[in-house]
Protein chains: 2
Amino acid sequence: MIKLGSIEAGGTKFICSVSDENLHVIAKTRFSTSSPDVMMPLIYQFFQEYQPRAIGIGCFGPIGIDPYSENYGKILATPKKGWDNYPFLEHIKKHINVPVFWTTDVNAAAYGEFWLGAGQGLHNIIYWTVGTGIGAGAIYNGQVLTGLSHSEMGHILVTRSQYDHFEGNCLYHYDCLESLASGPAIERRAGEKAEKLPKNSNQWDLEAYYLAQACVDVAMILSPEKIIFGGGVSNQEQLFPKIRYEYKKMIGGYLEPSPLEKFIVHAQLGNDAGTMGCLLLAKKLIEN
Amino acid sequence: MIKLGSIEAGGTKFICSVSDENLHVIAKTRFSTSSPDVMMPLIYQFFQEYQPRAIGIGCFGPIGIDPYSENYGKILATPKKGWDNYPFLEHIKKHINVPVFWTTDVNAAAYGEFWLGAGQGLHNIIYWTVGTGIGAGAIYNGQVLTGLSHSEMGHILVTRSQYDHFEGNCLYHYDCLESLASGPAIERRAGEKAEKLPKNSNQWDLEAYYLAQACVDVAMILSPEKIIFGGGVSNQEQLFPKIRYEYKKMIGGYLEPSPLEKFIVHAQLGNDAGTMGCLLLAKKLIEN
């Protein structure tokens, strides 16, 4: 049996998985995120047991993804203890000598949703994750789209509602999407955890107003076939009609996708998107 | 001699060119834009004389670029008389039986700037044209980046300055970039043609404020190595330090490209970007 490996390195937990070549997961384990000297031996040990033929890694960012840069394979500036400037990929390759695909957590999840979730059968999608932070990945012609670095779509600028005087929740930007629309932003503004808010709270109208702006901007810039929302906040199903309503107003009839119900949609893989994406990326390495 | 052809189909003029295989232009002609029954015979006649081996077309949009759609090769909804739903590519191919590369005017210019202008030696750029309208093209890994359709970056949403009460100049959006920052928008707001305004007019501060927002959004979404500005309004050199200043403020130290003078730059090919792009795209067709 050819085995594939997946490492989802997140801010709160690491998930390591192994599957067969048909992506049936045969082992999966979770570790609460702490420093590298604790985490890395756990990873090595897990994969030593299963000996995958290739591994896909989806890592919290920002990370170095330019193979020609000395930053390649590193976790860049992060407040997470021990991980700042940590050469993650180098250590993995030293201990587990197989091909490794290295990308961000959100890009891996986007890849999973593209091939196995809400993006099946399409060519181009944007996948947003809206939770503790906000990020997005673009899959174009079946590939993870990157430039000089990976995208940081959570930090696009949005226009504030005139009724929103919240100070924002981003260290860098008063008015970026993550600052105003992440789970913690909702919580701090409303004084209550997002998932505890009633479905008819006006916080969801505000949230939809910001997410719709993000949809307009990526639609105008990248022209995706579908915009997919995952992450904890996106589990609030009442958001979707509201996002589409705001989108329709904002787009003003200009190149409006039809029907909007098929353009702005909920992710399908839930918490498995990242694992599936990493496994697929590992599989691609073997096939090439 | 292998000859290459270029058609720049613009809203005010059409430019047809022929070059040798080294892109030295050997013939070039301009026609004021009128209806298809006038323009098309002029195009056929020009190329009949020169017999190029392939042609690149950069056409005003929106156009159909999905080869699997029945809209492929057509000019889509446009107020320009006679051109609405016009099957441009089909007619060209019927009369000039050579390979044709079909894209938008701004994508062609972006391609020219990428290979021969300010983008030389890079992998990923965004090229903005700011003039009568605003549009942008993204060249990623040397290819014109498209999704379901070509990008419509001129219509991304921007946050209005609190001092700007101009009604906007876009038929569809009160607050899109083109609505607030195109040449005609400047003219209508200031009551004077943009090129007649003094270099120290506060219109340029406002213009830079909007263009900087556009730069932040494309940087966060696409992570280009360089953002290049062409088009008539961009000839106002005093804009560039202002755009960089606003960009720096907005980005708040988050992944700030260094130096900004090399990140946000003026185009180098001027009015030739479109021709050069079309010729290069034609050349690529032959080489493949």
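Calculation rules
Position numbers for residues count from 1 along each chain, tracking the sequence in the order it is written. Chains and ligands are labelled by the order in which they are written, letters from A for the one and numbers from 1 for the other. Local features in this predicted model are restricted to residues whose pLDDT is 70 or higher, and side-chain atom pairs enter the listing and the counts only when it is 80 or higher, whereas totals over whole chains, interfaces and linings include all residues. Derived side-chain values reflect all non-hydrogen atoms in the structure, with water molecules and hydrogen atoms excluded from consideration. Whether two residues touch is decided by their heavy atoms; if any such pair falls within 4.5 Å, the residues are in contact. Reported buried area values correspond to the accessible surface (1.4 Å probe) lost by two parts on association, with both partners' losses combined. The term salt bridge refers to a pairing of a side-chain nitrogen on Lys or Arg with a carboxyl oxygen on Asp or Glu at a separation within 4 Å. We call two N or O atoms a polar contact when they sit within 3.5 Å, provided that within protein one can donate a hydrogen and the other can accept it, with sequence-adjacent residues counted only if both atoms are side-chain atoms. Helix and strand definitions here come from DSSP, where helices need a minimum of 4 consecutive H or I residues and strands a minimum of 2 consecutive E residues; each element is numbered from the N-terminal end. Each residue is assigned to one of three groups, with Ala, Val, Leu, Ile, Met, Phe, Trp, Tyr, Cys and Pro labelled nonpolar, Asp, Glu, Lys and Arg labelled charged, and all others, Gly among them, labelled polar. The criterion is simple. A nonpolar core is a set of buried Ala, Val, Leu, Ile, Met, Phe, Trp, Tyr and Cys residues joined through side-chain atoms within 4.5 Å. Here's how the labels work: a residue is buried when its accessible area is under 20% of the maximum for its type, exposed when over 50%, partly exposed in between, all with a 1.4 Å probe on protein chains only. The predictor reports its confidence for every residue as pLDDT, a score running from 0 up to 100. Only Phe, Tyr and Trp rings are paired, with Trp represented by its six-membered ring, and only when their centres lie within 6.5 Å; those with planes under 30 degrees apart are stacked, over 60 edge-to-face, the remainder tilted. A ring is scored as having a charge over it whenever the NZ atom of a lysine or the CZ atom of an arginine sits within 6 Å of its centre and within 35 degrees of its normal.

K.L.:
Whenever I open this one, the interface of chain B and chain A confuses me. Can you help?
P.N.:
Often the size quoted for an interface is simply the accessible area lost on bringing the parts together. With 34 residues of chain B at the interface, the matching set in chain A holds 34 residues. Between chain B and chain A the total buried area reaches about 3,100 Å² when both faces are included, carbon and sulfur atoms providing 66% of it. By the criterion of area lost to chain A, the three top residues of chain B are Leu157, Ile221 and Tyr254 of chain B, representing 22% of everything that side buries. Where chain B meets chain A, there are zero salt bridges. For the interface between chain B and chain A, the tally reads 19 residue pairs in polar contact (both at pLDDT 80 or more). Residue contributions to the side of chain B that touches chain A peak at seven residues, all from helix α6 (residues 202-222) of chain B. Here the residues of the side of chain B that touches chain A are counted per class, giving 18 nonpolar, 13 polar and three charged.

K.L.:
Please clarify how the nonpolar core should be interpreted in this entry.
P.N.:
As a rule of thumb, nonpolar side chains are buried together in soluble globular proteins. Membership of the largest hydrophobic core comes to 94 residues, with the highest contact counts inside it found for Trp128 and Leu222 of chain A together with Trp128 and Leu222 of chain B. Apart from residues lying up to four places away in sequence, leucine 222 of chain A is in contact with Ile126, Ala138, Tyr140, Leu145 and Met153 of chain A together with Leu145, Gly147, Ile221 and Leu222 of chain B.

K.L.:
Got a minute to help me understand unusual backbone geometry in this structure?
P.N.:
Across residues other than glycine, the phi torsion is negative in most instances, and most of the peptide bonds are trans. All names here are of chain A. Looking along the chain, the bond that leaves glycine 61 and enters proline 62 is cis, with omega of -5 degrees. Its place among the elements puts proline 62 in the loop between β4 (54-59) and α2 (88-95). Residue proline 259 is reached from serine 258 by a cis peptide bond, and omega for that bond is -10 degrees. Mapped onto the elements of the fold, proline 259 is located in the loop between α7 (239-251) and α8 (260-263). In this model, leucine 255 sits at a positive phi of 50 degrees, which is unusual for a non-glycine residue. One can find leucine 255 in the loop between α7 and α8.

K.L.:
Honestly, the confidence of the model for chain A in this entry has me stumped. Any pointers?
P.N.:
The predicted coordinates should not be examined in detail at positions where pLDDT is low. For chain A, per-residue confidence averages 96 on the pLDDT scale, and 100% of positions sit at 70 or higher. Of the two predicted TM-score estimates for the complex, the pTM is 0.95 and the ipTM is 0.94.

K.L.:
Would you explain the packing of aromatic side chains in this entry?
P.N.:
Ring pairs (aromatic) are described by centroid distance and by the angle formed between their planes. In this structure the tally under the stated criterion is 32 aromatic pairs over all chains. When the ring of phenylalanine 60 of chain B is compared with that of tryptophan 83 of chain B, the centres are 6.2 Å apart and the planes differ by 90 degrees; the resulting orientation is edge-to-face. Here phenylalanine 60 of chain B is found in the loop between β4 (54-59) and α2 (88-95), whereas its partner tryptophan 83 of chain B is found in the loop between β4 and α2, with 23 residues between them in sequence. Per residue, the accessibility class of phenylalanine 60 of chain B equals that of tryptophan 83 of chain B, and both read buried. Each ring, one from tyrosine 111 of chain B and one from tryptophan 115 of chain B, has its centre 6.3 Å from the other, and the planes form 65 degrees; the classification is edge-to-face. Of the two residues, tyrosine 111 of chain B and tryptophan 115 of chain B are both situated in helix α3 (residues 105-116); the distance of four residues between them amounts to about one turn of the helix. Among the aromatic residues, ring-to-ring pairing joins Phe14, Phe60, Trp83, Tyr86, Phe88 and Trp102 of chain A into one connected group. For arginine 160 of chain A, the ring lying beneath its charged end belongs to tyrosine 174 of chain A, and the centroid distance is 3.8 Å.

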